[in-house]
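Below are the chains, spelled out letter by letter.
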Amino acid sequence: MNAILVAAGIACALTTALSVLLLVAERVLVNYGQCRIDVNEGEKTVEVKGGGTLLGSLKSNGVYLASACGGRGTCAYCKCQIHDGGGPVGPTEQPLLTQDEINRNVRISCQVKVRADMKIHVPEDLLAVKQYAARTERIRDLTHDIKELRFALTEPGTIKFKAGRYVQLEAPAYGDNPEPVQRAYSISSVPSETDHVELIVRLVPGGICTTYVFEHLKEGDDVTFTGPFGEFEINESDKPMVWIAGGSGMAPFWSMVRHLKEVGNSRPVKYFFGAVQRRDLFFLEELRALAKELDWFEYYPALSAAAEEDNWDGDVGLITEVVDTYVEQGTDAEGYLCGSPGMCDAACKVLHAKGITTDRIFFDKFA
Ligand SMILES: Cc1cc2nc3c(=O)[nH]c(=O)nc-3n(C[C@H](O)[C@H](O)[C@H](O)COP(=O)(O)OP(=O)(O)OC[C@H]3O[C@@H](n4cnc5c(N)ncnc54)[C@H](O)[C@@H]3O)c2cc1C
């Protein structure tokens with residue numbers, strides 16, 4: 001038994017030593033020289049020093065792919081197609097790709113090293129993504145664990161985006177957090193206000209970026225973010241809409257409702273917002289006022305566990321139960337969902353039961 005354990009230990013140590021040796025050899029000995037990355041059939045071409053990751057090499061040349069995990073190969077946001085020069089799909093990419101994606105040359109760009117000239121394809125929208133420098137103009141509490149951040153853009157001074165898009169805010173190294181991290185936050189301001197960006201951030205206990213926002217970020221501080229990213233947006237159609245959100249999932253809808261008002265919308269919208277207690281609700285008066293003013297907009301805030309002192313006379317129960325009450329069976333509406341993955345999945349189920357098919361449901365899961 002002991003001999004088997006010793007043999008296994010030696011094999012393990014040898015494999016580790018070999019891997020370290022290979023990594024060091026690659027760093028020290030291998031020189032891939034300059035490599036050329038052709039993006040979207042010549043729309044952009046970048047020259048990079050070989051050896052870095054595709055994600056990092058693109059970023060340092062102004063092509064920003066989304067990444068929520070900071071290049072650790074877990075979020076799979078930085079997918080792109082590599083038609084030439086990508087080499088075989090690596091073992092760290094396999095679990096993040098479907099067979100169909102592999103067949104279409106989709107790769108996880110943070111896990112691919114640039115070792116040769118490449119031909120890649122990224123979604124057209126991403127070529128418009130920029131890195132922004134901004135000044136923190138205002139930080140205000142919306143609830144006990146949600147803050148609204150207002151940034152004045154400094155360089156570039158304006159941003160163009162559709163309501164529903166998100167940016168990746170950078171939290172710099174601080175405390176025990178040795179390196180900057182980027183996290184996704186939906187833009188809550190309206191697209192017409194091109195020189196500012198507002199975000200709604202909910203504190204995640206122990207979370208790197210939200211702890212930075214709640215404990216370190218101050219009015220007047222400079223920040224950087226990249227964007228706009230994402231596909232969540234109001235679909236071009238004349239169907240009624242059912243919006244469902246909880247917590248900071250409010251962000252894109254706060255942008256959307258005011259955008260729709262500005263552009264003279266007439267599509268009916270039922271907006272369901274779930275909270276636990278009265279202290280978790282925000283923009284309540286503003287949204288009720290919009291519901292009074294706009295004949296196409298209905299607002300249904302609901303509390304799942306109202307406290308006695310809340311004196312709440314609105315809807316109660318899980319937001320899915322409230323949706324079930326007010327959305328008619330067989331509706332031809334489209335569903336728009338934003339919030340935690342659990343809430344989005346539960347909301348999808350209730351919409352399916354109402355007859356809203358998957359192709360008419362759109363969401364951003366705040367995973
Ligand atoms: C498209 C999109 C849009 C989004 N929009 C918004 C928005 O508008 N508003 C909003 O508030 N959020 C939004 N999010 C979520 C946001 O991006 C972050 O995931 C969230 O704010 C948490 O980030 P964090 O850095 O504070 O937490 P992280 O550091 O990423 O931590 C997340 C969790 O992991 C735990 N954890 C962290 N490190 C460790 C460790 N070493 N070991 C064990 N556990 C650990 C933390 O305790 C925490 O529970 C969005 C997400 C997506 C994908």
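All figures in this text were calculated on a predicted structure; none of them were measured in a lab.

Let us now look at the domain arrangement of the protein chain. If you check the domain split of the protein chain, you get domain 1 (34-126), domain 2 (129-229) and domain 3 (241-365). Computed from C-alpha atoms alone, the centre-to-centre distance between domain 2 and domain 3 is 24 Å. Between domain 2 and domain 3 the total buried area reaches about 1500 Å² when both faces are included, carbon and sulfur atoms providing 61% of it. Its largest share of buried area at the contact with domain 3, domain 2 owes to H144, V190 and I200, together 30% of the area lost on that side. Connecting domain 2 to domain 3 are zero salt bridges.

With that out of the way, let us pick up a nonpolar patch on the surface. Together, V6, I10 and L14 line one region of the surface with nonpolar side chains, adding up to about 300 Å² of accessible area. Of note, L14 is situated in helix α1 (residues 2-28). Taking relative accessible area as the criterion, L14 reaches 55% and is therefore assigned exposed.

This paragraph deals with the sheet that holds strand β11 (residues 222-229). Strands sit in the order β9-β8-β11-β6-β7-β10 across an open sheet of six strands; the sheet is antiparallel. The outermost strands of the open sheet, each flanked by one partner alone, are β9 (181-186) and β10 (196-202). For this sheet the average axis-to-axis angle between neighbouring strands, irrespective of direction, equals 40°. The pairing of strand β7 (residues 146-155) with β10 spans seven bridges and is classified as antiparallel. In the strand pairing of β10, K147 is matched with V201. Each of β7, β8 (166-171), β9, β10 and β11 touches helix α4 (residues 208-216); the most contacted strand, β9, lies at about 75° to it.

Calculation rules
- Residues numbered from 1 in each chain as written.
- Predicted model: local features only at pLDDT ≥ 70, side-chain atom pairs only at ≥ 80, totals over all residues.
- Heavy atoms only, no water.
- Domains from an automatic or database assignment.
- Buried area = accessible area lost by both parts, 1.4 Å probe.
- Salt bridge = Lys/Arg side-chain N within 4 Å of Asp/Glu carboxyl O.
- Patch = residues over 30% accessible without salt bridge, like charges linked within 9 Å, V, L, I, M, F, W, Y side chains within 5 Å.
- Areas by Shrake-Rupley, 256 points an atom, 1.4 Å probe, with all protein chains shown as cover.
- Helix = DSSP H or I, 4+ residues; strand = E, 2+ residues; numbered from the N terminus.
- Buried < 20%, exposed > 50% of the residue type's maximum accessible area, 1.4 Å probe, protein only.
- Pairing = 2+ DSSP bridges.
- Axes fitted to C-alpha atoms, helices over the stretch in contact; angles between N-to-C directions.
- Contact = heavy atoms within 4.5 Å.

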